[in-house]
Amino acid sequence: MLGFAAAVLFAIAFIINASDTAVDTLFAPTSLMLLGLTLLALHMAGIGAGWAPRGRRR
């Protein structure tokens, strides 16, 4: 789920950057890309994945 959120943030950052729109600091393309990278890192770490690997049951 966090991977999808990161992809959406990257798309929004690309659209803002491509259209050269003047936006606040919070919604600047660089801020959105850094937030997207944070979400992507959390996704790759396994946080928010919805499942956890379990040990063997005996």
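Above this text is the structure in question.
Summary of the structure given here. Fair warning: this is a prediction, and the values are worked out from it, not measured in the lab.

Reading guide: rules and limits
- Residues numbered from 1 in each chain as written.
- Predicted model: local features only at pLDDT ≥ 70, side-chain atom pairs only at ≥ 80, totals over all residues.
- Heavy atoms only, no water.
- Helix = DSSP H or I, 4+ residues; strand = E, 2+ residues; numbered from the N terminus.
- Expected span 1.5 Å × (residues − 1).
- Buried < 20%, exposed > 50% of the residue type's maximum accessible area, 1.4 Å probe, protein only.
- Arc of directions from axis to C-beta.
- Patch = residues over 30% accessible without salt bridge, like charges linked within 9 Å, V, L, I, M, F, W, Y side chains within 5 Å.
- Areas by Shrake-Rupley, 256 points an atom, 1.4 Å probe, with all protein chains shown as cover.
- Salt bridge = Lys/Arg side-chain N within 4 Å of Asp/Glu carboxyl O.
- Core = buried A, V, L, I, M, F, W, Y, C linked by side-chain atoms within 4.5 Å.
- Contact = heavy atoms within 4.5 Å.

Here helix 1 (residues 2–19) contains 18 residues, and its C-alpha end-to-end distance of 26 Å stays within 8% of the 26 Å for a straight helix at 1.5 Å per residue. Along helix 1, the residues that are buried comprise Ala6, Leu9, Ala13 and Ile16. Taken end-on, helix 1 shows its buried residues confined to a sector of 90°, consistent with a single buried face. With respect to the buried face of helix 1, the exposed residues turned more than 90 degrees away are Phe4, Phe14, Ile15 and Ala18.

Bringing a nonpolar patch on the surface into the picture now. Where nonpolar side chains cluster on the molecular surface, the patch consists of Leu34, Leu37, Leu40 and Met44 and spans about 410 Å² of accessible area. Position of leucine 37 among the secondary structure elements: in helix 2 (residues 29–45).

Counting residues in hydrophobic clusters, the biggest one holds six residues: Ala6, Leu9, Ala13, Ile16, Leu32 and Leu39. Contributions of two or more residues to this core are made by helix 1 and helix 2. Take this core: its biggest share by element is four residues, from helix 1. Contacts of alanine 6, omitting those with residues within four sequence positions, involve Gly36, Leu39 and Leu40.

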